[in-house]
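Report on the structure
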Amino acid sequence: MITLDDPIIWKIAFPAVMLILAPIIGGLLIGIDRKLTARLQNRAGPPIVQPFYDVLKLFGKEDKIVNKTYLVFAVAYLLTVVLSTGLLLFHYDLLVITFMFGLSFIFLVLAGYSVRSQFSYVGSNRELLQMLTYEPILLLVVFLDRLVTGSFQIDAIWSFTEPAKTEPLLYTLPLALLALFLILPIQLRKSPYDIAEAHQEIAQGPVTEYTGKFLGLVTIAHFYEVFFVLWFIGLYFVQNWAVRIGLMALAFLFSIVIDNVTARLRVDQMIRQVYIIGLLLIIVNLAYILITGKWIA
Amino acid sequence: MDGLLLLSLTVLVPVLFGIISYLVPGYNLKKYAVILCALVLSVASLLILYNGPQNLTVESINIGMSLPVSTIIIALDFLLLLVFLYFGYKDREYKVLGLAVLQLALLAYLELFVAGGEEAGITFVIDDLSIVMCLIVSLIGSLILLYSIGYMKGDKNVSSFFLIMMVFLGDMNALIFANDLTWLFFFWEGTTLCSFLLIRHYRDEPSIKASDRALWMNLLGGIALVCGIILIEMMYNTRFLSELFTAQATMPGALSFLPAAAIILPFAFMAVGAFTKSALMPFNSWLTGAMVAPTPVSALLHSSTMVNAGVYMLIRIAPLILIFGGGLLSTVITIVGGFSFMFCALLALSQTDSKRILAYSTISYLGLIAMCTGINTWLAITAAVALLVFHAVSKGLLFLCVGEITHIIGSRDIEQMQGLIAKAPLVTVITVIGLISLMAPPFGIFVGKWLAFQSASTFTQIGWSLVAIFFIIFGSIFSVFYYSRWAGKLLATKPAETAPPAHHDWYMEIPLIILAAGIFVSVALTTIFFTQLIDLPDIYGQEPGGLVVGEVLRSAFGGFSPLMFLILFIVILLIPILIIRVPKTSLTPTYSCGTGKEPDIGGGYFETLIGESKLLKYLNPIGILLLAILFLAVLL
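Please read these numbers as outputs of a predicted model, since none were measured by experiment. (Residues numbered from 1 in each chain as written. Chains lettered and ligands numbered in written order. Predicted model: local features only at pLDDT ≥ 70, side-chain atom pairs only at ≥ 80, totals over all residues. Heavy atoms only, no water.)

Tallying secondary structure elements over chain B gives 24 helices and seven strands in all. In summary, chain B has a C-alpha radius of gyration of 24 Å against a globular reference of 26 Å for 636 residues, a match within 12%. The burial tally for chain B puts 63% of its 636 residues in the buried class. Put simply, 81% of the contacts in chain B that link residues at least 6 apart link residues at least 24 apart. Carbon together with sulfur atoms contributes 68% to the accessible area of chain B, which is approximately 21,900 Å² in total. Computing the positive centroid from 29 side-chain charges and the negative centroid from 34, chain B places the two 13 Å apart. (Helix = DSSP H or I, 4+ residues; strand = E, 2+ residues; numbered from the N terminus. Rg over C-alpha atoms; globule rule 2.2 N^0.38 Å. Buried < 20%, exposed > 50% of the residue type's maximum accessible area, 1.4 Å probe, protein only. Contact = heavy atoms within 4.5 Å. Areas by Shrake-Rupley, 256 points an atom, 1.4 Å probe, with all protein chains shown as cover. Lys, Arg positive; Asp, Glu negative; His and termini not counted. Charge placed at Lys NZ, Arg CZ, Asp CG, Glu CD.)

The next point concerns the overall build of chain A. Looking only at helices and strands, chain A features twelve helices and zero strands. Written out in order from the N terminus, the α and β elements of chain A read α-α-α-α-α-α-α-α-α-α-α-α. Here chain A has a C-alpha radius of gyration of 19 Å; the compact-globule value for 297 residues is 19 Å, and the two agree. In terms of its C-alpha atoms, chain A occupies a principal-axis envelope of roughly 60 × 55 × 40 Å. Long-range contacts, defined here as pairs at least 24 residues apart, represent 77% of the contacts in chain A between residues at least 6 apart.

Before going further, it helps to spend a moment on unusual backbone geometry. A cis amide bond, omega 5°, links Met281(B) with the succeeding residue Pro282(B). In this structure, the amide linkage connecting Pro441(B) to the following residue, Pro442(B), adopts the cis form with an omega of 10°.

Time to look at the side chain of Lys355(B). All names here are of chain B. Take Lys355: it is sitting in helix H14 (residues 354-375). Although buried, Lys355 forms no salt bridge, and the nearest oppositely charged side chain, Asp353, lies 7.5 Å from it. One polar contact links the side chain of Lys355 to the main-chain carbonyl oxygen of Met291, over a distance of 3.1 Å. With residues near it in sequence (within four places) discarded, Lys355 still touches Met291, Ala293, Pro294, Thr295, Ser298, Phe399, Val402 and Arg412. (Salt bridge = Lys/Arg side-chain N within 4 Å of Asp/Glu carboxyl O. Polar contact = N/O pair within 3.5 Å; in protein donor to acceptor, adjacent residues only side chain to side chain.)

The next thing to look at is the pattern of salt bridges. The tally for this structure, following the rule as stated, stands at ten salt bridges over all chains. Ionic pairing is found between Glu225(A) and Arg189(A), a salt bridge with its closest N-O pair at 2.5 Å. Taken as a pair, Glu225(A) in helix H10 (residues 212-234) and Arg189(A) in the loop between helix H8 (174-187) and helix H9 (199-202) lie far apart in primary sequence, 36 residues in all. Judged by relative accessible area, which is 11%, Arg189(A) ranks as buried. Close ionic contact of Arg316(B) with Asp127(B) constitutes a salt bridge, the shortest N to O distance being 3.0 Å. You can see Arg316(B) sitting in helix H12 (residues 306-323) and its partner Asp127(B) sitting in the loop between strand S4 (124-126) and helix H5 (128-151), a full 189 residues away along the chain.

Residue and element names in this part refer to chain B. Taken together, three strands build an open sheet; the order of strands is S5-S6-S7 and the sheet is antiparallel. Strands with a single pairing partner mark the edges of an open sheet, and in this sheet they are strand S5 (548-549) and strand S7 (559-560). Sheet analysis places S5 next to strand S6 (residues 552-554), joined by two bridges and oriented antiparallel. Note that in S6 the partner of Val549 across the bridge is Val552. (Pairing = 2+ DSSP bridges.)

This brings us to the packing of aromatic side chains. A full pass over the atoms with the stated rule returns 40 aromatic pairs over all chains. Relative to Phe343(B), the ring of Phe339(B) lies with its centre 5.0 Å away and its plane at 50°, an arrangement referred to as tilted. With Phe339(B) and Phe343(B) both in helix H13 (residues 327-349) and four residues apart, this pair spans about one turn of that helix. Summarising the burial analysis for this pair, Phe339(B) and Phe343(B) share the class buried. Three or more aromatic residues link up through ring pairs in this structure, and these residues are Tyr92(A), Phe99(A), Phe446(B), Trp450(B), Phe560(B) and Phe565(B). The residue whose ring lies beneath Arg244(A) is Trp241(A), and the NZ or CZ to ring-centre distance is 4.5 Å. Over the ring of Trp188(B) we find Lys277(B); its NZ or CZ atom is 4.9 Å from the centre of that ring. (Phe/Tyr/Trp six-rings, centres within 6.5 Å; stacked < 30°, edge-to-face > 60°. Lys NZ or Arg CZ within 6 Å of the ring centre and 35° of its normal.)

Residue and element names in this part refer to chain A. Close contact between helix H4 (residues 94-113) and helix H5 (residues 118-149) brings their axes to 9 Å; oriented N to C, the two are set at 175°. As far as their axial angle goes, H5 and H4 are roughly antiparallel. Across the contact of H4 with H5, the residue classes tally to 16 nonpolar, six polar and three charged. (Axes fitted to C-alpha atoms, helices over the stretch in contact; angles between N-to-C directions. Parallel < 35°, antiparallel > 145°, perpendicular 65-115°, else oblique. Nonpolar A, V, L, I, M, F, W, Y, C, P; charged D, E, K, R; others polar.)

A few words now on the interface of chain B and chain A. Facing 68 residues of chain B, the contacting portion of chain A comprises 59 residues. Taken together, both faces of the contact between chain B and chain A bury some 5,700 Å²; the carbon and sulfur share is 75%. Inspection of the region where chain B meets chain A yields zero salt bridges. In this assembly, chain B and chain A are joined by two residue pairs in polar contact (both at pLDDT 80 or more). For the side of chain B that touches chain A, the secondary-structure elements that each account for two or more residues are helix H18 (444-456), helix H19 (462-491), S7 and helix H22 (562-579) of chain B. (Buried area = accessible area lost by both parts, 1.4 Å probe.)

All names here are of chain B. Locating Ala452 in the fold gives a position in helix H18. Residues Ala452 and Ile375, 77 residues apart in the sequence, show an inter-C-alpha distance of 8.7 Å. For Ala452, the contacting residues outside a window of four places in its chain are Leu368, Cys372, Ala383 and Ile472.

We now examine the nonpolar core. Counting 354 residues, the largest nonpolar core has Phe267(B), Phe275(B) and Phe530(B) as its most contacted members. Sequence-distant contacts of Phe275(B), that is, excluding residues within four places in its chain, are made with Leu280(B), Phe283(B), Leu314(B), Ile333(B), Val336(B), Leu627(B) and Leu630(B). (Core = buried A, V, L, I, M, F, W, Y, C linked by side-chain atoms within 4.5 Å.)

Residues and elements named next belong to chain B. Position of Leu197 among the secondary structure elements: in helix H7 (residues 181-199). On a C-alpha basis, the gap between Leu197 and Ser207 in space is 9.9 Å, while along the polypeptide they are ten residues apart. Residue contacts for Leu197: discarding those within four places in its chain leaves Phe87 and Ile164.

Okay, a nonpolar patch on the surface next. Residues and elements named next belong to chain A. A contiguous nonpolar surface patch, about 760 Å² in accessible area, is contributed by Val17, Leu21, Ile24, Leu28, Ile32, Leu36, Ile48, Val49, Tyr53 and Leu253. Per-element accounting of the nonpolar patch gives the leading share, six residues, to helix H1 (residues 7-40). Here Ile48 is to be found in the loop between H1 and helix H2 (50-59). (Patch = residues over 30% accessible without salt bridge, like charges linked within 9 Å, V, L, I, M, F, W, Y side chains within 5 Å.)

So, about the confidence of the model for chain B. Averaged over every residue, the pLDDT of chain B is 84; residues scoring 70 or more account for 94%. If you check the scores for this complex, the pTM reads 0.91 and the ipTM reads 0.88. (pLDDT = per-residue confidence, 0-100.)

Before going further, it helps to examine the packing of helix H4 (residues 94-114) of chain B against helix H8 (residues 205-236) of chain B. All names here are of chain B. One can describe the packing of H4 onto H8 by two numbers: an axis separation of 9 Å at closest approach and a directional angle of 20°. Judged by the angle between their axes, H4 and H8 are roughly parallel. Remark: the crossing between H4 and H8 carries left-handed chirality. For the contact of H4 with H8, the class distribution of residues is 19 nonpolar, two polar and three charged. (Left-handed = near helix turned anticlockwise from the far one by under 90°.)

This brings us to helix H1 (residues 3-23) of chain B. Residues and elements named next belong to chain B. Taking 1.5 Å of rise per residue, 21 residues should cover 30 Å, and H1 covers 29 Å from first to last C-alpha, within 8% of that figure. Most pronounced at Leu12, the bend in H1 amounts to some 40°, and the proline Pro14 follows within four residues. Burial in H1 covers these residues: Gly3, Leu6, Leu7, Thr10, Val11, Val13, Pro14, Phe17, Gly18 and Ser21. Where H1 is buried, its residues contact helix H2 (27-51), strand S1 (54-56), S4, H5 and helix H6 (158-177). (Expected span 1.5 Å × (residues − 1). Bend = angle between axes of the 7 residues up to and from the residue.)

Here the focus is the environment of Met133(B). Residues and elements named next belong to chain B. Positionally, Met133 belongs in helix H5. It is 9.7 Å that separates the C-alpha atoms of Met133 and Ser45, two residues lying 88 residues apart in sequence. Contact partners of Met133, with chain neighbours within four places excluded, come to Met172, Ile176, Asn308, Tyr312 and Leu388.

Time to look at the state of the cysteines. Residues and elements named next belong to chain B. Across all of its chains, the model carries zero disulfides over all chains by this definition. Take Cys134: it sits in no disulfide, and the sulfur closest to it among the cysteines is that of Cys37, at 13 Å. Overall, Cys134 belongs to the buried group, its relative accessible area being 1%. Here Cys372 is not disulfide-linked; the sulfur of Cys344 is the nearest cysteine sulfur, at 16 Å. (Disulfide = S-S within 2.5 Å.)

Right, dumping it as structure tokens:
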């Protein structure tokens, strides 16, 4: 008889179920986003499940294909995003997860480069610059997590304050969490840092040349990404489910609001803003945990 | 098997084959000598691996009469310096002249006044580190030899080319095994001579200039090394590397004005020697200049020989620095390495010449290895050895690919390589594999970076830890940038382009295929490599084998399974490659948002921001300043 406390539920069954639910949650969130944005702009907006209708429709479309290479990378992109989400849910090494998530970006960039289209080429170039912007901040945040918990393993986030098990990451690394909020628009491809996909200037950047079911696959990958990014933020309060989900919801709402109240920036503006503010937040937070001695060598 | 026989197989036999191939007439006969040499060398290195660690003492050679090896080596050493003097005079290169004279004086001082008792000791040590190095030199070196048969066809100086290449390999092997520091110095200068001669292979203005620059910088490094050796003999009273571990340090009377901490001064000198050999900042310009040489030479310099000698030396002296309390020295080495790692990656980002990109990326990865030796914990040294191996395989492969691509399209500019996959699918796919292996998980470089990141996070002083992490993060991210851009360019094709009937030169392509397979095999074997082939001195307190749990590398901070992720990676790419079918009917030209024109794409190198002319004028002085700090850290 398996009870709810059985570790097998939390170590295997729960992550597996979440991995299957992840694209659905991600898609719904995007639907909510579109609805909210529409309401903010005094439009009726599409139904919340519209993203799924879109994907279904894409799968019924005729394929227009330039070459095989970029299709291969699109699928590799999707599979890598799924893999990194799985690793996150199954509590693998945080550093490895961060790099695997980075690998999915690399595949997307290669996909964009593999077609001779100026739009996807520029998009890929910008995608690289965006990666150059957010990845250092993300890795530094992971480094701070490691300092506080003593390990890169996600499991350590639960156990580092044993036996008390009370102190969430949020209390020791509040500014690092803010730094994650800062790079959120990049990871979610939203304004003001939606530079690579800037649909008004370069028509969706690296994914410009996709049609039919492959565009559908890329969209599903995006669903997974939304889930991944928010789940990552949820790690900052693992002690209480209500607060944890609240934190994810807050991050999500934050990204929607920011998306609606800001205009797209140039690449150099993005790099400058994110580096200066992000590094400052991280250094202050580092100083805080050093002074309070809340770190493990 | 007899260790002496194996030693001569890896050291003397290449030299012998080199002379044979020099003497025999005709390209075909030379070719067979080269193939034979490659075979013997590979087999010999595998035998050394099979035979395991051992110590050897070679005192004299018997050819009719007994000749003491030491005397021969000293004589050759002086001869070598005279050759440098000759070239310095011939090219009117006064830096070379001056440095060679200085080195001559120092060497004479070492041999006449300092050389301790003539007590015998272990002259050659075959330990795990030298076995690993020997495998790199011999296996990758052999493949490069095979490749150059195809590449150098029709070259007019091909006889001397093969001779020097093979002498280089033999000399490098000797350098790796040498335990007697005075001998090691001779082999060290031998690599300088070989690389100098190979760089000026084409004998035109730019190559002579580049070779002279390489020569004077390496002579400078040689002077640092000989100073280090003199000081070691004075302070530690031994000339054998292996005996340094148990040596008693005493400050000689002549140097009593120095503070007590200066006991590690010789290692600072040796580190500077290593920096020049590995072309770390501020010595980077000789390696980027060396790009004028034929591509197999670049491959040899960058992957299996020359530059590895520098980091090899750093890995050798790292435990000694730890034993004799040079924590500050280690920290400065970390900074020098990290500085090169990050900024050379940034410089590579602004380049369009593929060989220059590779050159900067070599310096950058050597910087990372140097940085690991500076962090100097068991995890970091493991990372250093692992990076050394994985980098050699990937970088050797990439240089050979660039050579082949240059043969096909007649250009080294990556802008010209757009859509190469349609013209030359095999070499392009292999190049892309090589590029991905240098930036993405789960390949070897990633394993190394992952270990480096962990070891940097365990620094006792958190401030340095942050600096080291900063260098690793930005260095890695810049590398990802320029490698993926290049890979993307190779893959950019128009629809329905078909490959022209391929022209195969198997001498060039078989080494490529073997090395590409080597990338996958080396990752798959990571755990075995860690348990069997990395053996750290006791001072570190822990063995890399402690990392391995089943197929997983598990440190106190995290876990990663190279084999599992390699399989996942292959699956992720194979599934779409096998499943996706592109029906002819759905092929269309690029949509390009209806612009309908053949797009003119390119750019994005930010030369005005981070070009060589912008950055180097700041980076070189900082590099020199760091060297000054290196010595200050020891003396203060």
